[in-house]
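# Secondary and tertiary structure notes
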Amino acid sequence: MKILITGATGLIGRKLTGRLLEQSHQITALSRAPERAAKLLGSQVQIWETLEGKTTLDGFDAVINLAGEPIADKRWTKEHKALLCESRWQLTEKLATLINASQTPPSVFISGSAVGYYGDQGQALVPEDEPPNKQFTWQLCARWEALALSAQSPATRVCLLRTGIVLAEKGGALAKIVLPFRAGLGGPIGDGQQYMPWIHIDDMVDGILFLLAHETLSGPFNMVSPYPARNEQFSALLGEVLHRPAFMRAPAPVVRLLMGESAVLVLGGQRAVPRRLEAAGFIFKHQELKEALEDLLG
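Owing to the predicted nature of the structure, the values given are computational and were not obtained by experimental measurement. (Residues numbered from 1 in each chain as written. Predicted model: local features only at pLDDT ≥ 70, side-chain atom pairs only at ≥ 80, totals over all residues. Heavy atoms only, no water.)

### Let's talk about the sheet that holds strand S4 (residues 62-65)
Quick reminder of the rule: Two strands are said to pair when DSSP picks up at least two bridges between them. Runs of E in the DSSP output that reach at least two residues are strands. Runs of H or I that reach at least four are helices, and both are numbered from the N terminus. With axes taken as lines fitted to C-alpha atoms, and helix axes fitted only over the stretch in contact, angles between N-to-C directions fall between 0 and 180 degrees. Note on definitions: a residue-residue contact is assigned when non-hydrogen atoms from the two residues lie within 4.5 Å.
If you walk across this open sheet you meet the seven strands as S3-S2-S1-S4-S5-S7-S11, and the pairing is parallel. Edge strands, defined here as strands with exactly one partner in the open sheet, are strand S3 (46-48) and strand S11 (219-223). For this sheet, the mean inter-axis angle between neighbouring strands, taken without regard to orientation, is 20 degrees. Where strand S5 (residues 108-114) lies against strand S7 (residues 157-163), seven bridges are found, and the strand directions are parallel. By the bridge assignment for S7, Ala114 is matched with Thr163. Contacts between helix H3 (residues 78-101) and the sheet are confined to strand S1 (2-6), strand S2 (26-30), S4 and S5, with S4 contributing the most and set at about 170 degrees to the helix.

Here it is in structure tokens:
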């Protein structure tokens, strides 16, 4: 297949691009830093610096849209919220416009989203049809998904990746979480009862490849392990795997003071489950959190 990928230099994108190249697909990556992208992705990947001047996506069999400003790196000021939205909405709208303008459009558009679509769901089980709590993360994801779905037609199916916390060997959320634990300062956040919907990077990539290959699948998919963990459980298992204590609890008021509105990302959560992915026949390699952490952290 000939595939266009945005966000190819990110945590998921790099691993996915490597797997697609192994399968002999032709990859074009969209990147505002083409020299860096070429170094990270290799000479087999064609790099586009911009979509300016492009009028269609004729010739592509698939588009995978993974781009977006990291949501947890900074406090949510008014300006940063606008950046989070624009980095997702503008590109997704442009891709949908190009798909709709194509004479022979890509047969599938796989576009990013997040379990943040549901907002903070407390202890409730969260399959894909769970009604959302209409917080900022819902506003961000709902518009993002609607723009992607505008590309849907009899010729193009759209799959939405409602992604949880992606656990990987290097980079991403796990690299940040591990730091205080290695120093012996790790522990639960707040009361520790909030759920953390997680997924191993290998299952994340395999899930995208599964959606790419199965031509009957469309709509939203929770890209999470079947067994979300409470923050307290996650902390205990991470401490066990690292052979470090995990009792330094971060009080909720301190977290809110430091993070502001974005504290909902760590004090709230979603007990999200991959109901539609499993119903379609996808099998996870890493279902249990302890095994996944051991695989990644050795």
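Now that the structure has been shown, the text picks up again.
### With respect to the packing of helix H1 (residues 11-22) against helix H6 (residues 201-213)
Applied cut-off: Just so you know how the angles are binned, under 35 degrees is roughly parallel, over 145 roughly antiparallel, 65 to 115 roughly perpendicular, and the rest oblique. In this scheme, a crossing is called left-handed if the near helix is turned counterclockwise away from the far one by less than a right angle; it is called right-handed if the turn is clockwise. Polarity classes work like this: nonpolar for Ala, Val, Leu, Ile, Met, Phe, Trp, Tyr, Cys and Pro, charged for Asp, Glu, Lys and Arg, and polar for all others, with Gly in that last group.
Two elements in contact, H1 and H6, have axes separated by 10 Å at closest approach and are oriented at 60 degrees. As far as their axial angle goes, H6 and H1 are oblique. Here H1 and H6 pass one another in a crossing that is right-handed. The residues of H6 that touch H1, namely those facing Leu11, Ile12, Lys15, Leu16, Arg19 and Leu20, are Ile201, Asp202, Met204, Val205, Asp206, Ile208, Leu209 and Leu212. Residue composition of the contact of H1 with H6, grouped by class: ten nonpolar, no polar and four charged.

### Considering the side chain of Ser31
Looking at the element boundaries, Ser31 is found in the loop between S2 and helix H2 (34-41). Among all residues touching Ser31, those that are not within four sequence positions of it are Ala37, Ile47, Trp48 and Glu49.

### Observations concerning helix H4 (residues 136-149)
Worth spelling out the cut-off: Every helix has an expected span of 1.5 Å times one less than the residues it contains. A simple rule labels every residue: compare its accessible area, found with a 1.4 Å probe on the protein chains alone, to the largest value its type can have, and call it buried under 20%, exposed over 50%, or partly exposed in between. An arc is given here, and it is the one of the directions from the helix axis to the C-beta atoms.
The first and last C-alpha atoms of H4 sit 20 Å apart over 14 residues, in line with the 20 Å expected at 1.5 Å per residue. Those residues of H4 that sit buried are Phe136, Thr137, Leu140, Cys141, Trp144, Glu145, Leu147 and Ala148. One face of H4 carries all of its buried residues, which in axial projection span an arc of 160 degrees. Buried residues belonging to H4 abut S4, H3, S5, S7 and helix H9 (264-267).

### Some points on the packing of aromatic side chains
As a reminder of what qualifies: Aromatic pairing here means that ring centres of Phe, Tyr or Trp (its six-membered ring) are within 6.5 Å. Orientation follows from the plane angle: under 30 degrees is stacked, over 60 is edge-to-face, and everything else is tilted. By definition, being over a ring means that NZ of Lys or CZ of Arg is both within 6 Å of the ring centre and within 35 degrees of the ring normal.
Applying the stated criterion across every chain yields a total of five aromatic pairs. Site record: aromatic cluster; members linked through ring pairs are Phe210, Phe282 and Phe284. Over the ring of Tyr117 we find Arg162, and its NZ or CZ is 3.8 Å from the ring centre.

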